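Report on the structure
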Amino acid sequence: MSANGKPQTIEKLVDAFGGAVLHTGEALGEWSAVVALDSIHAALQFLASDSELAYEHLSDLTAVDLSQLNRAEPGLDGARYAVVYHLYSPQNETRLRVKTPVTDENPTAPTVSDIWAAAGWAEREVYDMFGIAFENHPDLRRILMPDNFTSHPLRKDYPTKGLGERAAFNFETSASNLVGKSDSTDRGEDAIESETMVLNIGPQHPATHGTLHLEVELDGERIVRATPHLGYLHTGFEKLAEAMHWNQWIVVTDRMNYLSPLSNNFGYVLAVEKLIGVEIPKRAQYIRVALAELARIADYMVWLGTHALDIGAFTAFLYAFQQREKAYEIFEACAGARLTISYTRVGGLFYDAPESFEPMMRAFVKEFTDEALPEIEKLLSRNRIWIDRTQGVGVISAEEAVSYGLTGPCLRGSGVRRDLRKTEPYSSYEEFEFDVPVGASGDTYDRYLVRLEELRQSCRIITQALDNMPDGPVNVEDHKLRFADKSHVYKTPDHTHPYDPTQPYGSIEGLIHHFKVNMDGHGVPVPAGEAYCATESPNGELGFYIVSDGSGTPYRVRVRPPSFYNYQSLPRLLEGHMMSDVVTALGSLNVIAGELDR
Amino acid sequence: MKHPIETAAEQIRATAAEATETLNLGGAWPAGLPLETVILLTLVVIAVIAVTVVAGIPIVLVLMERKVSAYFQNRLGPTRVGPWGLLVTLADGIKLLFKEDMVPPSSDRKLFRLAPYVVFAASFAVVAVIPPFQSTVIGNMDLGLFLYLAISSLIVLGIIMAGWASNSKYSLFGALRAAAQIVSYEIPLGLAVLMIVMATGTLNMQHLVMDQADGIHAWYMFRHPFLFIGAFIYFLSAVAEVNRTPFDLPEAESEIVAGYHTEYSGIRFAYFFLAEYANAFIVSAICATLFMGGWAAPFPFLSGVPGVVWFLGKTMFLVFIMMWLRWTLPRVRVDQLMSLCWKYFLPISFVNILGAGVLALLEREEIGAQLGGMFLSAEAVSWIAFPFVLALLGWFARWGTEPVRRPS
């Protein structure tokens, strides 16, 4: 931070580009800069390559349709879209948001995929959703919507319910379109006499665990080329957010990474709370942390089980699922649901954790660390076949991993010590003691070891959270944010809720609070503004970029899905490998289709 | 002098005539039957009985697999159909029988329909040469062992037929993997069998068992260390031959869906399924017969126990080991599979053969006895050296697995 309060980044950017920097500003602790379209590529190149700034990491690339925003964004006058780049500098541990205006008449922007490999798919998604073409992009095709789709769904003039595509859907033509998705690389004129075989793995395939579609070109058993096709599970979550209340969309987040729904709930409400600027009670923070780590364990158990299953070890799969089942029982005790738990609310939690929470958690952690994990490890870690199958498979170097935007265990497996819980602690993570494991060679075996060690660290965090669990409420005492207790709203107190003896028959205030938080046109009062909030979800950096216009619904919610960026590196991981390694590399990335396609 | 077949046929004719009379069927038709027809009828009857009995084996094995895997995985396995889930395989079979007979429209229909029978017939035919007890073997022929090697190789033909006729890339992939794998592993397997033949000079399975009948020390497996290693190579190659984990690449579910039988359903799929389990049983039975004394009791004082108990006991033990491997180990990759065969099994087999040959020669020329007078017998020397060799091999196998790097 320099003398006039502006960070070094902004100063250097303004120094270098002068008039091209249309606006700089700070809000909620995040600095952003608006750079004119014709200098954006040079500016980003500068930010990425400058040795003092070193924004090596493109966290996210997205766009916002400004056409219905009720305020003028400084520096973006006359533009219909803003392309938004979220950058992160591991060296300085700083973030920067860069925006550039794009007009409706000429919706084009220069590609930055030459600076960060991560931008490749992100730009394709922006092209798909907003119709902004990226010049010189090596492979600009639709990514989530089918190739024959004509609209751009995240534009504000596209209705949430669609333009009748669903009614006009024809399975025959759509299916043939999907199967025959053209690929980018030129196969050359000798395609007919080719020695290779194109094999479609998925979208329905035992190893894709969902609806991934990987088109591989094989020379015998050897992979010549692998092209992932996405979008089979695309459900328009980001579009849905624009028509839902702040709390309503929590339910949607459950469906993203459905293996650890709490992490998504958690990340989303944190972003909203950041936008509101509210600090939630310590007890709620601790319960959130404990459950987020439990969600991480449950997620890794599914990853470990299916990963082992794909490599052929069936028994480890069932051992892992047994543990996941026990974790789900704890979620069930807390939230009443097992998979789609929607446990968090803006301003706290839905309920306080039950009395059985602590003993259940302690019993789980004890059994998990003492028995289950060593047992699973005994089956795999020193198994000759397991080592032969995973070591040296799907290797990605640290530089490449950063360039591809890998986060989470996939990045740490390559030896980059980066964990948002350490670098940008949220929800009191700074009060916990835990280590961040990193791998050495960046292969599948290292990613496996990193995840195993993280399981132990998660158990450590849970134990600390339970030991130091504060008492008190789990919601902020602000009735504009929190849900009123049911006993304040209804006449009959029911026994499943904390019963407040002062309000035995409900109260008019309770009813009003309930109405205000829930009803259309009221809702949680989120001020106008924007915020990017990233959390360390099991798969990596789960970011929520939220633009609010101060009404009862978000103006734009962008999810930075870790799976999306991780999956992008798959063709790179598979270079020169064999057919059997497809499932190994895929499993080690732990791609969750719900999060990938949203 | 009459040909023994004539005598047998006359006996059968007489028995049949007696039965006709007793049962009041009227007429004396059996007497008029020509010799060939009688033999044919007898063979058919024997075959029907044998196939029925043998077809029961996979049904038992499938249940066993499900129960074994369940207990390995902290589950109960099937419990609903019949007591302790005993009838679940039958229920599965009935379900498969009632399923629609699907033949993919783009497949080569004739080949597609034929393939399961080829696999099924090839795996069941081998049963003929296995002696289940002392007195009986369906085909007591001097070339029994050779017949086993020859016929079991036909299975791969059926698999390629299935993979090719399905006209599906996954099926073709599975079939090609199966072909490469089965043909490759046939070699170490054949070499292991060859060692036995070198030691005994016979291919008749019944004679081989009789040679081992003295007790556990007479089992070929424990005759000398080369045969001990040979037994292991035989067993592991056999596991690869019948496509079971860790060598189940031709039907690796997570990679190529179900391999060569991806497109099969209903009873045709059941044929593949039954053949697979029949195969697992048969290779185990051959292994038990060749290396572990077949129906012979391990200790002379136990010889009162019927031979079939020992035979089934030893075979089931080996089948259990196969299941144990399957539910513990991951799957190897195709290049690792091939390097295991060509770079490890094959050279070791050659060394084995050489060693076994030297030992056999020493015995035959009675040089061994002379040497024995001076030092120790050749066998004793080799048994003494054996643990060191094993330790060396074990060290090689564990090499590279020690460092569990704890990243932190």
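Numbering of residues starts from 1 in every chain and runs along the sequence as written. Lettering for chains starts from A, numbering for ligands starts from 1, and both go in the order in which the items are written. Selection of residues for local features in this predicted model requires a pLDDT of at least 70, selection of side-chain atom pairs for listing and counting requires 80 or more, and totals for whole chains, interfaces and linings are taken over all residues. Only hydrogens and water are removed before side-chain values are computed, so all heavy atoms of the structure are retained for them.

What follows deals with the domain arrangement of chain A. Residue and element names in this part refer to chain A. When its domains are assigned, chain A resolves into domain 1 (16-145), domain 2 (245-476) and domain 3 (486-518). If you average the C-alpha positions of domain 1 and of domain 2, the two centres end up 31 Å apart. Only heavy atoms matter for contacts: two residues are in contact if any of them lie within 4.5 Å across the pair. Each side of the interface is counted separately: domain 1 has 10 residues, and domain 2 has 12 residues. Buried area, as used here, totals the accessible surface that two parts lose on assembly, with accessibility defined by a 1.4 Å probe and the loss added over both. Interface of domain 1 and domain 2: buried area, both sides summed, is about 1,000 Å²; carbon and sulfur atoms make up 51% of it. For this document, the term salt bridge refers to a Lys or Arg side-chain nitrogen within 4 Å of an Asp or Glu carboxyl oxygen. There are 2 salt bridges connecting domain 1 and domain 2. In this structure, Glu424 engages Arg95 in a salt bridge whose closest nitrogen and oxygen atoms are separated by 2.9 Å. Residues are sorted three ways: Asp, Glu, Lys and Arg are charged, Ala, Val, Leu, Ile, Met, Phe, Trp, Tyr, Cys and Pro are nonpolar, and all the rest, Gly among them, are polar. Its residues assigned to classes, the side of domain 1 that touches domain 2 comprises 5 nonpolar, 1 polar and 4 charged. How far each domain reaches was decided by an automatic or database domain assignment.

Residue and element names in this part refer to chain A. Locating Glu536 in the fold gives a position in strand β13 (residues 529-537). Any pair of nitrogen or oxygen atoms within 3.5 Å is treated as a polar contact; in protein, a donor-acceptor pairing is required on top of that, and neighbouring residues in sequence qualify only through side-chain atoms on both sides. Only 3.0 Å separates the side chain of Glu536 from the backbone nitrogen of Leu420, close enough to count as a polar contact. Dropping the residues within four chain positions of it, Glu536 is found in contact with Arg296, Gly408, Arg412, Asp419, Leu420, Arg421 and Tyr426. Labels follow the DSSP assignment, with helices taken as runs of H or I lasting at least four residues and strands as runs of E lasting at least two, numbered in each case from the N terminus.

The next subject is the interface of chain A and chain B. Listed by partner, the interface residues are 52 residues for chain A and 37 residues for chain B. Here chain A meets chain B over a buried area of about 3,700 Å², counting both sides, of which 55% is carbon and sulfur. Contact with chain B buries surface across chain A, with Arg382(A), Arg384(A) and Ile385(A) losing the most and accounting together for 15% of the total. Here chain A is connected to chain B by 2 salt bridges. We note a salt bridge from Glu221(A) to Arg177(B), for which the minimum N-O separation is 2.6 Å. At the junction of chain A with chain B, the criterion picks out 13 residue pairs in polar contact (both at pLDDT 80 or more). Secondary structure elements with two or more residues in the side of chain A that touches chain B: β8 (197-201), α8 (282-311), α9 (314-335), α10 (357-380), α11 (384-390), α15 (444-467) and α20 (579-589) of chain A. Counted by class, the side of chain A that touches chain B contains 28 nonpolar, 12 polar and 12 charged residues.

Bringing the pairing of strand β5 (residues 94-102) of chain A into the picture now. Residues and elements named next belong to chain A. Where burial is concerned, most of β5 is hidden: 7 out of the 9 residues are buried. Here a strand pair is declared whenever DSSP counts at least two bridges between the two strands. Sheet analysis places strand β2 (residues 30-35) next to β5, joined by 3 bridges and oriented parallel. Bridge pairing in β5 places Ser32 opposite Arg97. Across 9 bridges, the pairing between strand β4 (residues 81-89) and β5 is antiparallel. The residue of β5 that forms the bridge with Val83 is Thr100. We call a residue buried when its accessible area falls under 20% of the maximum for its residue type, exposed when it is over 50%, and partly exposed in between, using a 1.4 Å probe and counting protein chains only.

Right, let's talk about the environment of Val251(A) for a bit. Residues and elements named next belong to chain A. Tracing the chain through its elements places Val251 in helix α6 (residues 249-254). Exposure remark for Val251: the relative accessible area of 38% places this residue in the partly exposed category. Residues Val251 and Val269, 18 residues apart in the sequence, show an inter-C-alpha distance of 11 Å.

With that out of the way, let us pick up the side chain of Thr211(A). If you trace the backbone, Thr211(A) turns up in the loop between β8 and β9 (213-219). Ignoring anything within four residues of it in the chain, the contact list for Thr211(A) reads Pro203(A), Gln204(A), Tyr232(A), Leu233(A) and Ala593(A).

What makes a nonpolar core is a set of buried Ala, Val, Leu, Ile, Met, Phe, Trp, Tyr and Cys residues whose side-chain atoms join them at distances within 4.5 Å. Among the nonpolar cores identified, the biggest contains 95 residues, and Tyr148(B), Ile159(B), Tyr234(B), Ile286(B), Leu290(B) and Phe291(B) are the most heavily contacted of them. Looking at this core, the element that brings in the most residues is helix α12 (residues 266-291) of chain B, giving 14 residues. If we ignore the near neighbours within four places in the chain, the residues touching Ile159(B) are Val119(B), Ala175(B), Ala178(B), Ile182(B), Asn243(B) and Tyr260(B). Met256(A), Ile287(A), Leu449(A) and Leu455(A) belong to the second-largest nonpolar core, a separate cluster that totals 90 residues.

All names here are of chain A. Counted residue by residue, β2 has 6 buried out of 6 residues, so it is predominantly covered. Burial along β2 is two-sided: Glu30, Ser32 and Val34 and Trp31, Ala33 and Val35, pointing in opposite directions, are all buried. Inspection of the sheet shows strand β1 (residues 21-27) paired to β2 by 6 bridges, in the antiparallel sense. By the bridge assignment, Gly25 is partnered in β2 with Ser32. Linking two consecutive strands that pair antiparallel, namely β1 and β2, is a turn of 2 residues; a positive phi of about 55° is found at Leu28 within it.

This brings us to the confidence of the model for chain A. In predicted models, pLDDT denotes the confidence assigned by the predictor to each residue on a 0 to 100 scale. On average, residues of chain A carry a pLDDT of 84, and 93% of them reach 70 or more. Counting interchain partners and residues more than four positions distant, the pLDDT-below-50 stretch residues 179-191 of chain A has 18 contacts.

This paragraph deals with the packing of helix α6 (residues 144-152) of chain B against helix α8 (residues 169-200) of chain B. Residues and elements named next belong to chain B. Running from N to C, α6 and α8 point in directions that differ by 180°, and their axes come no closer than 11 Å. In terms of axis orientation, α6 runs roughly antiparallel to α8. Contacts between α6 and α8 involve Leu145, Tyr148 and Leu149 on the former and, on the latter, Glu186, Leu189, Val193 and Val197. Taken together, the residues of the contact of α6 with α8 break down into 6 nonpolar, no polar and 1 charged. In this analysis an axis means a line fitted to C-alpha atoms, helices contributing only their contacting stretch, and an angle means the value between N-to-C directions, from 0 to 180 degrees. Note on terminology: angles under 35 degrees are roughly parallel, angles over 145 are roughly antiparallel, angles of 65 to 115 are roughly perpendicular, and the others are oblique.

A cluster of nonpolar side chains, Tyr71(B), Leu76(B), Val81(B), Trp84(B), Leu86(B), Leu87(B) and Leu90(B), forms an exposed patch at the surface whose accessible area comes to about 690 Å². Take Leu87(B): it is sitting in the loop between α3 (35-72) and α4 (88-98). Two joining distances apply to patches: 9 Å for like charges and 5 Å for nonpolar side chains (Val, Leu, Ile, Met, Phe, Trp, Tyr), and every residue must have over 30% relative accessible area and no salt bridge. Where accessible areas are quoted, they stem from the Shrake-Rupley method and a 1.4 Å probe; at the residue level, only the protein chains shown are allowed to cover.

This part takes up the environment of Phe72(B). Relative to the helices and strands, Phe72(B) resides in helix α3. Along the primary structure Phe72(B) and Trp327(B) are separated by 255 residues, whereas in three dimensions their C-alpha atoms are 7.1 Å apart. Phe72(B) has contacts with Thr315(A), Tyr319(A), Phe320(B), Trp324(B), Trp327(B) and Thr328(B), leaving out every residue within four places of it along the chain.

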